[in-house]
Amino acid sequence: MPHGTDLIEADIEAYLDAQQNKSLLRFITCGSVDDGKSTLIGRLLYDSKVIFDDQLAALEADSRRVGTQGGDIDFALLVDGLAAEREQGITIDVAYRFFATDKRKYIVADTPGHEQYTRNMVTGASTADLAVILIDARKGVLTQTRRHSFLVQSLGIEKVVLAVNKMDLVGFDQSVFDRIVADYAAFADALGIAEVTAIPISGLRGDNIARRSDLTPWYVGPTLIDHLDTVEVDQDRRAARPFRMAVQWVNRPDLDFRGFSGQIDAGTVRPGDPVRVLPSGRESRIARIVTADGDLPLAVAGQSVTLTLEDEIDCSRGDVIAAAASPVEVADQFETTLVWMSADALIAGRAYWLKLGTRTVSATVTELKYKINVNSLEHLATRHLDLNEIAVANVSLTQPLPFEPYADNHDLGGFILIDRMTNATVGAGMIHYALRRSHNIHWQAVDVTKARRAQTLGQKPAVLWFTGLSGAGKSTIANLVEKRLHGLGRHTYLLDGDNVRHGLNRDLGFTEADRVENIRRVSEVARLMADAGLIVLVSFISPFRSDRQMARDRVEPGEFVEIYVDAPLAVAEARDVKGLYAKARRGELKNFTGIDSPYEPPESPEIHIRSDHIAPDAAAESIIAWLESR
């Protein structure tokens, strides 16, 4: 049986009703390594009497076996669930725990302090209302304290508890506490953290956690739990803002009902309210607010509902229904803060999936303006982002999306970046604002269309993309294919990797970032040529799948033909009349594909040419035959 179960035993319905009507506070604990985050949460769970007898017995046994307190109860073991965490005495993953007091319910995230787990901390902080930043009283404000404070501020957490922990190890000395508070206050003020509450505590002993400590008579503020129980979290702020709801699902159970389901992000809504659907801009009024328990006269932020409109207008998943008088902005280019969460570096110009709200579109980081040294807040020039690094960057989308700045609306201002090949989440971002050029630059309507150009030329536009190792035979085969097409009266142009680097891309080197930009430029040129009605042949090593996918996405479906000219490395190296492989093996040519830079072969090319098994003329004929069959 759990501790403190009198109400449960006496009246379970009253207990459940009391729990349901309590407010919920989400908070995180963060700080430097070994500042006592897990111990603090374990103490909160213990003092709030949510630990079952069998859990307490297991905790006592684990404390004797793997604890760090010499046989006494090690409260950190209640939270550190991974074997690696218990063995090392550190937190690695984000651990979520629920507990409740008589006044409020809580979900607390114990986030790791190590720099290599910054992405885990960002995950835990993304939904938090408050942050408890721990500082070891013996060590004071450390570099990691500053880093976590910066992340807390960047993620929009406005309320901070500065928990000066392990006060028992400095004899509960007030001067130590005051010095730490003064040091942190100066840094917090520079960051713009307005509300900081400092509390001297001992997580292990329980001083100033749930009960006031007799050892800190000089401290007159609240205990930690008292503060958490009474801190004003502006949960009504979202309800006070203009109405917004991202559509998650179009509910069409039969011909007579069409509703739009989602969770209200902000504001309130009533039947009869005028609304605008973004990005289309069409307006209507709310007809009904439908729930499983019947229609509602009013719905507020946080509720999941189905809305019906008075008019039949186009609205689909990913659209935003907003108050007509205060609609959200729509744009396709933004300035953002990016947190990179992948071991593979972010390269400007590479395409990713971007998920904002309930819509996913293709996106490119067009410019890394600077990365931020989160320890010193210094701005540093960069062309790529590595794991756990943070930068301010411009992002461009393939289509405009409704949004709000992250500072105003976390749901419509926060996004994730997804690797197009693996579907892994590789980054998280917060929108600052739409770039002015997003509003000022528009597509100019023209009378001569792509279809009319192609009709005049008497052919179907296409992009034939030859990829493979240097020496595989791409340029030779592409040249023969163009000769055959020219002989058939087709209008073509060949973009060869070496030739393009003499002009358009002469400013680019061979780093991964330069190679991505090389392919981005060429894919844009190929798109323009296809728009002119031409058959474009592109012969580039193009070693990365994601970049070839970006090139494919630039043109209309069915126009991109990936031709994998496949030759074993030994064969390609033997054909090397330019001596490039030899230079690369001697270390004179860095980032050479196949030697010290990877080549990612196509997984499902339209055409696969084994150039070590077939002569160039025969390969060209097979490509022509494939094209004619289409």
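Located above this text is the structure these notes cover.
A few points on the structure. None of these values were measured; they are calculated from a predicted model.

## A word on the environment of Arg 575
Note that Arg 575 resides in the loop between helix H18 (569–574) and helix H19 (580–585). It is 9.0 Å that separates the C-alpha atoms of Arg 575 and Gly 473, two residues lying 102 residues apart in sequence. When neighbours within four sequence positions are excluded, Arg 575 is seen to be in contact with Gly 471, Ala 472, Gly 473, Ala 567, Ser 611 and Asp 612.

## Focus: the sheet that holds strand S28 (residues 560–566)
Read from one edge to the other, the open sheet built from five strands follows the order S26-S27-S25-S28-S29, with strand pairing classed as parallel. The strands lining the two open edges of the sheet, one partner per strand, are strand S26 (492–496) and strand S29 (607–610). Pairs of neighbouring strands in the sheet enclose a mean axial angle of 15 degrees, with direction left out of account. Taken together, the four bridges between S28 and S29 define a ladder with parallel strand orientation. The residue of S29 that forms the bridge with Asp 566 is Arg 610.

## Remarks on the packing of aromatic side chains
Describing an aromatic ring pair means giving the distance of the ring centres and the angle of the ring planes. Counted according to the given criterion, the structure contains 11 aromatic pairs. Their ring planes at 90 degrees and their centres at 6.4 Å tell us that Phe 27 and Phe 99 sit as a pair that is edge-to-face. With Phe 27 in strand S1 (residues 23–31) and Phe 99 in strand S2 (residues 95–100), the pair connects residues that are 72 residues apart, well separated along the chain. Accessibility classification places Phe 27 together with Phe 99 in one group, the buried group. These aromatic residues form a ring-pair network of at least three members: Phe 27, Phe 99 and Tyr 106. Between the NZ or CZ atom of Arg 146 and the centre of the ring of Phe 187, over which it lies, the distance is 4.9 Å. We note Arg 350 situated over the ring of Phe 544; from NZ or CZ to the ring centre the distance is 4.9 Å.

## Structural notes on the side chain of Asp 496
Looking at where Asp 496 falls in the secondary structure, it is placed in strand S26. Here Ser 475 takes part through its side chain, which lies 2.5 Å from a polar atom of the side chain of Asp 496. Among residues more than four places away in sequence, those in contact with Asp 496 are Ser 475, Ser 539 and Phe 540.

## As for the packing of helix H16 (residues 512–531) against helix H17 (residues 545–554)
The geometry of H16 relative to H17 is characterised by a closest axis approach of 9 Å and an angle of 20 degrees between their N-to-C directions. Considered as vectors, H16 and H17 are oriented roughly parallel to each other. Crossing of H16 against H17: the hand is right-handed. Counted together, Val 516, Ile 519, Arg 520, Ser 523, Glu 524 and Arg 527 of H16 and Asp 547, Met 550, Ala 551 and Arg 554 of H17 form the full contact between these two elements. Here the contact of H16 with H17 is built from residues that sort into four nonpolar, one polar and five charged.

Conventions adopted
Residues numbered from 1 in each chain as written. Predicted model: local features only at pLDDT ≥ 70, side-chain atom pairs only at ≥ 80, totals over all residues. Heavy atoms only, no water. Helix = DSSP H or I, 4+ residues; strand = E, 2+ residues; numbered from the N terminus. Contact = heavy atoms within 4.5 Å. Pairing = 2+ DSSP bridges. Axes fitted to C-alpha atoms, helices over the stretch in contact; angles between N-to-C directions. Phe/Tyr/Trp six-rings, centres within 6.5 Å; stacked < 30°, edge-to-face > 60°. Buried < 20%, exposed > 50% of the residue type's maximum accessible area, 1.4 Å probe, protein only. Lys NZ or Arg CZ within 6 Å of the ring centre and 35° of its normal. Polar contact = N/O pair within 3.5 Å; in protein donor to acceptor, adjacent residues only side chain to side chain. Parallel < 35°, antiparallel > 145°, perpendicular 65-115°, else oblique. Left-handed = near helix turned anticlockwise from the far one by under 90°. Nonpolar A, V, L, I, M, F, W, Y, C, P; charged D, E, K, R; others polar.

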